[in-house]
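Fold and geometry: a report
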Amino acid sequence: MNITEDTITDRCTKAVFKRGENYYQDGHVQQVNRFDDLVTATVEGSRLYDVTINFGGRSPDTRCTCPYDGGGDCKHVVAVLLDIAAEPPADDSDSVKQVLADTAASELREFLDDALATHPELREQFLATFGDDHKSVEEYRSQIEQLFEQHADPGIYDAIDFSKFFEMAETYRDRERYLAAATVYRAIFEEVDAKYHWVDGAYDHYAQVIQRALDGYTDCVLATEPTPAEFDTYAGVIEARTMTDPPINTDQFQRALREFEDQYETEGE
C-alpha cells in the first residue's frame, strides 16, 4: 500500500487537493480500517460520508457517498488518502484469518446465525451471495422508498447513499445471476425517478445514480443474450420511464433506451 502526496495530487484538481488537505489536517477523517487491500473510513463534512478505497488493482479504486461529480477524487477521498500516506492503517486480515482457522465450524455457524439475525443488510448480502432466490422489484423499491422517507425534511437536500443496493447487484453479477442483478438495478432507477420530485438538492448525485443503475440494468440484460421478444420486454421497462409524469428525467431515459437498442442490434449482427 504505497501512496505518496504526488500520487494523490495526480488524482484530483488542485482546489480539491487543498480542501482535502484541510480536512485531513483538521481531523475530519475518522474510523480508518484496513482488511487486506480494502480500506474503509468515515469523513466528517456537512454530514458523515463513507469512503472506500481498494488497493487491489494497478491504481486505487475509490468511492465516496458524497454527491461530488467533478473531475478526479473528491476532497473526502483525498483526506483519507493523505491519512493513509502519513500512517498506513494496520491490516486486520491476518488476525481474522488466523482466528477463522482456529475456530470450530459449529462456533462459526453460531456466530454467523447471531450476526445475520441482528444485521439486516448483512443478511441480504449473505442471501445474494449464497441463496438461490431474490426479492421482487416491488420489494426493493419499497426499501428504497423507506430511504427517501427517512431523509425527507420535508424535501431531500442531501445525497442518499444507495451503495448497499449497488453492492447487492454486483454480488449477483459476480455469480452471473444477471436477471437478479437487473431486478435490483431496475428498482433503483424506477424508485429514484419516481421520488425525484422530492429532491431539492444534490441533483447531479441522483442523476448519476439513475445512470449507473441504467447502465447496470442494460449490461445485465444483454449478458443473458435475450431473444427479440425478451428484449422488447426489458426495453419496455425503460420506455415506461420516458412517459412518467412529471417528465423530469425523460431525456435521460430516452437516451438510455436508444443506446440500449443500438447495443442490442450491434451484438446481434
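Shown above is the structure to which this text applies.
Reading the values: the criteria
- Residues numbered from 1 in each chain as written.
- Predicted model: local features only at pLDDT ≥ 70, side-chain atom pairs only at ≥ 80, totals over all residues.
- Heavy atoms only, no water.
- Patch = residues over 30% accessible without salt bridge, like charges linked within 9 Å, V, L, I, M, F, W, Y side chains within 5 Å.
- Areas by Shrake-Rupley, 256 points an atom, 1.4 Å probe, with all protein chains shown as cover.
- Salt bridge = Lys/Arg side-chain N within 4 Å of Asp/Glu carboxyl O.
- Lys, Arg positive; Asp, Glu negative; His and termini not counted.
- Charge placed at Lys NZ, Arg CZ, Asp CG, Glu CD.
- Helix = DSSP H or I, 4+ residues; strand = E, 2+ residues; numbered from the N terminus.
- Pairing = 2+ DSSP bridges.
- Axes fitted to C-alpha atoms, helices over the stretch in contact; angles between N-to-C directions.
- Phe/Tyr/Trp six-rings, centres within 6.5 Å; stacked < 30°, edge-to-face > 60°.
- Buried < 20%, exposed > 50% of the residue type's maximum accessible area, 1.4 Å probe, protein only.
- Lys NZ or Arg CZ within 6 Å of the ring centre and 35° of its normal.
- Expected span 1.5 Å × (residues − 1).
- Contact = heavy atoms within 4.5 Å.

**A look at a negative patch on the surface**
On the surface, Asp215, Asp232, Glu239, Glu259, Glu261, Asp262 and Glu265 cluster together to form a negatively charged patch. Secondary structure elements with two or more residues in the negative patch: α11 (228-241) and α12 (250-268). Counting residues per element, the negative patch draws most heavily on α12, which supplies four residues. Relative to the assigned elements, Glu259 resides in helix α12.

**Focus: the pairing of strand β1 (residues 29-35)**
In the sheet, β1 pairs with strand β2 (residues 38-44) via five bridges, with the strands oriented antiparallel. When the bridges of β2 are listed, Phe35 appears paired with Leu38. Hairpin connection from β1 to β2: two residues lie between these consecutive antiparallel strands, with Asp36 at a positive phi of about 60 degrees.

**A short note on the sheet that holds strand β4 (residues 61-64)**
The four strands lie next to each other as β1-β2-β3-β4, forming an open sheet whose pairing is antiparallel. The two strands at the open ends of the sheet, each matched to only one other strand, are β1 and β4. Direction aside, the axes of adjacent strands within the sheet are offset by 15 degrees on average. For strand β3 (residues 48-54) and β4, the ladder comprises four bridges, and the chain directions are antiparallel. Across the sheet, Thr52 pairs through a bridge with Arg63, a residue of β4.

**A short note on the packing of aromatic side chains**
Enumeration according to the criterion identifies 12 aromatic pairs in this entry. Summarising the aromatic geometry, the rings of Phe148 and Phe162 are spaced 6.0 Å apart at their centres and angled 45 degrees between planes, so their arrangement reads as tilted. Of this pair, Phe148 sits in helix α7 (residues 137-151) while Phe162 sits in the loop between α7 and α8 (163-174), and the two are 14 residues apart along the sequence. Exposure remark for Phe148: the relative accessible area of 0% places this residue in the buried category. Judged by relative accessible area, Phe162 falls into the buried class, the value being 2%. An aromatic cluster of at least three residues, connected via ring pairs, comprises Phe189, Tyr217, Phe231, Phe253, Phe260 and Tyr264. In this arrangement the basic side chain of Lys195 is found over the ring face of Trp198, its NZ or CZ atom lying 5.5 Å from the centre. Looking at Arg212, its charged tip hangs above the ring of Phe166, at a distance of 4.0 Å from the centre.

**Quick word on the pairing of β2**
Where β2 meets β3, seven bridges bridge the pair, whose relative direction is antiparallel. Of the residues in β3, the one forming a bridge with Val39 is Ile53. Connecting β2 to the next strand, β3, in antiparallel fashion are three residues.

**What about helix α3 (residues 75-86)?**
The terminal C-alpha atoms of α3, which comprises 12 residues, lie 16 Å apart, in line with the 16 Å expected from a rise of 1.5 Å per residue. Looking at α3, one finds that the buried residues are His76, Val77, Val78, Ala79, Val80, Leu81, Leu82 and Ile84. Looking at the packing, one finds that the buried side of α3 touches α1 (5-9), α2 (14-25), β1, β2, β3 and β4.

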